[in-house]
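So you can see what is in the structure, the chains are spelled out below.
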Amino acid sequence: MKKYIVMGNYTAKAFQGFMKDPSQDRTAAATQLSKAVGGKMESFDIVRGSYDFVGVITGDVGFEATAAVKLAVESTGTITNFTILEKMDINKAAELAVKAMAGYKPAG
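Throughout what follows, the structure given in this document is the object of discussion. (Residues numbered from 1 in each chain as written. Predicted model: local features only at pLDDT ≥ 70, side-chain atom pairs only at ≥ 80, totals over all residues. Heavy atoms only, no water.)

1. Notes on the overall build of the protein
Here is step 1: Within the protein, the secondary structure is distributed over 4 helices and 4 strands.
Here is step 2: Ordered by position in the sequence, the α and β elements of the protein form the string β-α-α-β-β-α-β-α.
Here is step 3: Dimensions of the protein, computed from C-alpha atoms along their principal axes, come out at roughly 60 × 30 × 25 Å.
Here is step 4: Burial statistics for the protein: of 108 residues in total, 26% are counted as buried.
Here is step 5: When contacts within the protein are restricted to residue pairs at least 6 apart in sequence, long-range pairs at least 24 apart make up 62% of them. (Helix = DSSP H or I, 4+ residues; strand = E, 2+ residues; numbered from the N terminus. Buried < 20%, exposed > 50% of the residue type's maximum accessible area, 1.4 Å probe, protein only. Contact = heavy atoms within 4.5 Å.)

Written as structure tokens, this is what we have:
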């Protein structure tokens with residue numbers, strides 16, 4: 001099962017929408033997006049800091065599914081800086097790095 005962490009920023013257009021309807025449920029909207037591409041929204045939070053929201057999506061979905069969500073939401077003009085992080089196994093990466101270095105000769 002894959003796990004993606006997504007983060008992004010709302011634009012002025014989105015903030016105008018929030019002010020027009022302060023009761024809207026962005027968690028429901030984000031959940032629907034992930035469900036539409038075959039994923040499950042484990043969590044979605046509005047946060048303080050460099051990003052305005054952070055979500056965790058899991059499921060048997062490829063990176064392209066999460067990239068599709070990025071394309072969809074950024075095309076609306078209400079979200080920018082949509083960043084996708086993919087959970088990885090650092091131990092497996094280290095094992096592969098050891099194999100890669102076995103036959104590698106550095107320059108010089």
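What follows continues from the structure just given.
2. Digging into the environment of Lys-40
Here is step 1: Examined against the element boundaries, Lys-40 turns out to sit in strand β2 (residues 40-46).
Here is step 2: Take Lys-40: its relative accessible area is 51%, and that puts it in the exposed class.
Here is step 3: Remark: the alpha-carbon pair of Lys-40 and Val-98, spanning 58 residues in sequence, is separated by 34 Å.
Here is step 4: Residues contacting Lys-40, with those up to four places away along its chain left out, are Ser-34, Val-56, Ile-57 and Thr-58.

3. A few points about the pairing of strand β1 (residues 2-10)
On a regular strand, each side chain points to the face opposite its neighbour's, so the side chains alternate between the two faces of the sheet.
Here is step 1: The sheet contact formed by β1 and strand β3 (residues 53-59) spans 7 bridges and is antiparallel. Paired with Val-6 across the bridge in β3 is Gly-55.
Here is step 2: Of the strand pairs in this sheet, β1 and strand β4 (residues 79-86) are connected by 6 bridges, and their pairing is antiparallel. Among the inter-strand pairings, Val-6 is bridged to a residue of β4, identified as Ile-84. (Pairing = 2+ DSSP bridges.)

4. Things to note about the nonpolar core
Here is step 1: Counting 16 residues, the largest nonpolar core has Tyr-10, Phe-44, Phe-53, Ile-79 and Phe-82 as the members making the most contacts within it.
Here is step 2: When residues of this core are traced back to their parent elements, those giving at least two are β1, β2, β3, α3 (63-75) and β4. (Core = buried A, V, L, I, M, F, W, Y, C linked by side-chain atoms within 4.5 Å.)

5. Some details on the packing of aromatic side chains
Here is step 1: Under the criterion given, the structure shown has 7 aromatic pairs.
Here is step 2: Here the aromatic rings of Tyr-10 and Phe-53 are separated by 5.2 Å at their centres, their planes lie at 50 degrees, and the arrangement is tilted. Highlighted residues: Tyr-10 in strand β1 and Phe-53 in strand β3, separated in sequence by 43 residues.
Here is step 3: Judged by relative accessible area, which is 3%, Phe-53 ranks as buried.
Here is step 4: Consider the rings of Phe-15 and Phe-18, whose centres lie 6.2 Å apart with planes at 40 degrees: the pair is tilted. Remark: Phe-18 and Phe-15 occur in helix α1 (residues 12-20); sequence separation between them is 3 residues, near one turn of the helix.
Here is step 5: When its relative accessible area of 38% is taken as the criterion, Phe-15 is described as partly exposed. (Phe/Tyr/Trp six-rings, centres within 6.5 Å; stacked < 30°, edge-to-face > 60°.)

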